[in-house]
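Analysis of the macromolecular model
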Amino acid sequence: MADENNPERQTLIEYPCDFPIKIMGARVEGFAQAVVEVVLRHAPDFDAAAIEMRPSSKGNYLAVTCTFRAVSQLQVDNLYRELTSHPMVKVVL
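A few points on the structure. This one's a predicted model, so the numbers in the text were calculated from it and none came from an experiment.

Reading guide: rules and limits
Residue numbers run consecutively from 1 along every chain, following the written order of its sequence. In view of the model being predicted, local features appear only for residues whose pLDDT reaches at least 70, and side-chain atom pairs are presented and counted only at 80 or more, with totals across whole chains, interfaces and linings using the full set of residues. Heavy atoms from the whole structure form the basis of all side-chain values; hydrogens and water molecules are not counted. The secondary structure listing takes helices from DSSP runs of H or I that are at least 4 residues long and strands from runs of E that are at least 2 residues long, numbered from the N terminus. Two strands pair if DSSP finds at least two bridges between them. All axes are obtained by fitting lines to C-alpha atoms, using only the stretch in contact for helices, and the reported angles, taken between N-to-C directions, cover 0 to 180 degrees. Note on definitions: a residue-residue contact is assigned when non-hydrogen atoms from the two residues lie within 4.5 Å. Should an angle fall under 35 degrees it is called roughly parallel, over 145 degrees roughly antiparallel, and 65 to 115 degrees roughly perpendicular, with every other angle called oblique. Working rule for handedness: look at the near helix, and if it is turned counterclockwise from the far one by less than a right angle, call the crossing left-handed; if clockwise, right-handed. Classification convention: Asp, Glu, Lys, Arg as charged; Ala, Val, Leu, Ile, Met, Phe, Trp, Tyr, Cys, Pro as nonpolar; all other residues, Gly among them, as polar. Ring pairs are drawn from Phe, Tyr and Trp, using the six-membered ring of Trp, whenever the two centres fall within 6.5 Å, and their geometry is named by plane angle: stacked under 30 degrees, edge-to-face over 60, tilted for the rest. Think of it in three bands: with a 1.4 Å probe and only protein chains considered, a residue is buried below 20% of the maximum accessible area for its type, exposed above 50%, and partly exposed in between.

A cis geometry characterises the amide bond from Tyr15 onward to Pro16, with omega recorded as -5 degrees. Take Pro16: it is sitting in the segment before β1 (17-26).

Structural data, given as structure tokens:
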């Protein structure tokens, strides 16, 4: 098992690479913008115009997919941690 505290742990992903991350939350004003702001903190070259948004079947939730240029596992882990701790975010895949 990989050591979660070791930023140089082995991974099957070869960096740099385009990395899609899906973030889901309530469909409320400002959700997509909040997600973009977090992604930009970790991937400053992220093109916010390239996000994909999809509402749930009943329209209560919104899934936002951001594909960014990942340069390391540490970058991906830090982004994931910040997104999952954001109060507007329900799920991150």
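Direction of pairing for strand β2 (residues 52-55) relative to strand β3 (residues 61-70): antiparallel, over a ladder of 4 bridges. Residue Pro55 lies in a different strand from β3, and its bridge partner there is Leu62. Once β2 ends, the chain turns through 5 residues before running back antiparallel as β3, passing Gly59 with a positive phi of about 80 degrees.

Next up on the list: the sheet that holds β3. The strand order β2-β3-β1-β4 describes an open sheet built from 4 strands, whose pairing is antiparallel. Edge positions in the sheet fall to β2 and β4 (89-92), since each has one partner strand and no second. Neighbouring strand axes in the sheet, compared pairwise and without regard to direction, differ in orientation by 25 degrees on average. Sheet strands in contact with helix α1 (residues 31-42) are β1, β2, β3 and β4, and its direction is about 20 degrees off that of β3. Lying over the sheet, helix α2 (residues 73-85) contacts β1, β3 and β4, oriented at roughly 160 degrees with respect to β3.

Moving on to the packing of α1 against α2. As a packed pair, α1 and α2 sit with axes 9 Å apart at the nearest point and diverge in direction by 155 degrees. The angle between the axes of α1 and α2 places the two elements in the roughly antiparallel class. Crossing of α1 over α2 shows right-handed handedness. Together, Val38, Val39, Arg41 and His42 of α1 and Gln75, Asn78, Leu79, Glu82 and Leu83 of α2 make up the contact between the two elements. Looking at the contact of α1 with α2 residue by residue, the classes come out as 4 nonpolar, 3 polar and 2 charged.

This part covers the packing of aromatic side chains. Taken as a whole and assessed by the stated rule, the structure comprises 1 aromatic pair. Ring centres of Phe19 and Phe68 lie 5.7 Å apart, and the angle between their planes is 55 degrees; on these two criteria the pair is classed as tilted. On the criterion of sequence distance, the pair formed by Phe19 in strand β1 and Phe68 in strand β3 is long-range, its members being 49 residues apart. Of the two residues, Phe19 and Phe68, both sit in the buried class.

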